[in-house]
Every structure is written in structure tokens, then in C-alpha cells.
Amino acid sequence: CHNSASRAFRASGHRADLSCSSCHSNLHTRGGTRATVATCASCHDDAVSDVKASLHASGDFGPTCLTCHDSHRVALANSATCLSCHGEREFVHDH
């Protein structure tokens, strides 16, 4: 099952000992489960702390991990990702 997601995850640089159920519990129940900020924080607590301390954490509509990072094809956020919300190239390069 889910070969494309599995291949993408393996290519993302995550530890080899992680499996689908490391981030998704009860995979084969109706509705399944989705990764959340808490899921990401279980390994990436430093990154979650950085975001919570930034302007991105202000208000109720700030981004989550999955706003900037695909759950299976995880990569560093880049200018194109930032521009999808900010829309001003100068803003991204100044910050």
C-alpha cells in the first residue's frame, strides 16, 4: 500500500528506523490519522520551538509544519514556499 508516499518519505532524509506508524497511528481505521504539529515535535521539538517564538505563531491563523513542509516529501522551506503566503520577494529576502 501507499508505495509513492513510502518512497517519498524514505528519500526525505528521515531516519531509516521510522515507519508509517511512527507518525500515523491507527492507519487502517476509518478516517485514519494525520500527522500534526505534535507528531512533528516528537522529533523536531527545536524547530517547533523556533516557530512558536517567531512572528508565525502570532494569531490563530499561523502556519503549521505542514503549511511549509509536505508530510512525505519533507524539505527545507524555500523562497517559493514563503512567497506563496507573503507574495513580496523583497519581504522574503529581507527576513
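Residues numbered from 1 in each chain as written. Predicted model: local features only at pLDDT ≥ 70, side-chain atom pairs only at ≥ 80, totals over all residues. Heavy atoms only, no water.

1. Re the overall build of the protein chain
So, point 1. Check the secondary structure of the protein chain and you find 6 helices and 0 strands.
So, point 2. Each helix and strand of the protein chain, ordered N terminal to C terminal, gives the series α-α-α-α-α-α.
So, point 3. Burial analysis of the protein chain (95 residues in total) assigns 13% to the buried set.
So, point 4. Relative to all contacts within the protein chain whose residues are 6 or more apart in sequence, the contacts with residues 24 or more apart total 35%.
So, point 5. Roughly 7,500 Å² of accessible area belongs to the protein chain as shown, and the carbon and sulfur atoms make up 54% of that amount. (Helix = DSSP H or I, 4+ residues; strand = E, 2+ residues; numbered from the N terminus. Buried < 20%, exposed > 50% of the residue type's maximum accessible area, 1.4 Å probe, protein only. Contact = heavy atoms within 4.5 Å. Areas by Shrake-Rupley, 256 points an atom, 1.4 Å probe, with all protein chains shown as cover.)

2. Concerning the environment of R73
So, point 1. Relative to the helices and strands, R73 resides in the loop between α4 (65-68) and α5 (79-86).
So, point 2. Looking at R73, the relative accessible area reads 51%, which means it is exposed.
So, point 3. Considering only alpha carbons, one finds R73 and R10, 63 residues apart in sequence, at a separation of 8.7 Å.
So, point 4. If we ignore the near neighbours within four places in the chain, the residues touching R73 are S4 and A8.

3. Focus: helix α3 (residues 37-52)
So, point 1. Between its terminal C-alpha atoms α3 stretches only 11 Å, short of the 22 Å expected from 16 residues at 1.5 Å a residue.
So, point 2. For α3, every residue scored as buried is listed here: T39, C40 and V48.
So, point 3. Residues of α3 that are buried in the fold lie against α2 (20-23) and α4. (Expected span 1.5 Å × (residues − 1).)

4. What to know about the confidence of the model for the protein chain
So, point 1. Per-residue confidence for the protein chain gives a mean pLDDT of 75, with 79% of residues at or over 70.
So, point 2. Ranking the elements of the protein chain by mean pLDDT puts helix α6 (residues 89-94) last, at 57, and α3 first, at 85. (pLDDT = per-residue confidence, 0-100.)

5. Topic: the environment of G13
So, point 1. Residue position: G13 is located in the loop between α1 (3-11) and α2.
So, point 2. For G13 and A75, which are 62 residues apart along the polypeptide, the C-alpha to C-alpha distance reads 8.6 Å.

6. Notes on the state of the cysteines
So, point 1. For the structure shown, the criterion picks out 0 disulfides.
So, point 2. Just so you know, C40 is unpaired, no disulfide at all, and the nearest cysteine sulfur is the one on C65, 3.9 Å from it.
So, point 3. For C40, a relative accessible area of 18% corresponds to the buried category.
So, point 4. Free cysteine C43: the closest other cysteine sulfur is in C23, separated by 6.8 Å. (Disulfide = S-S within 2.5 Å.)

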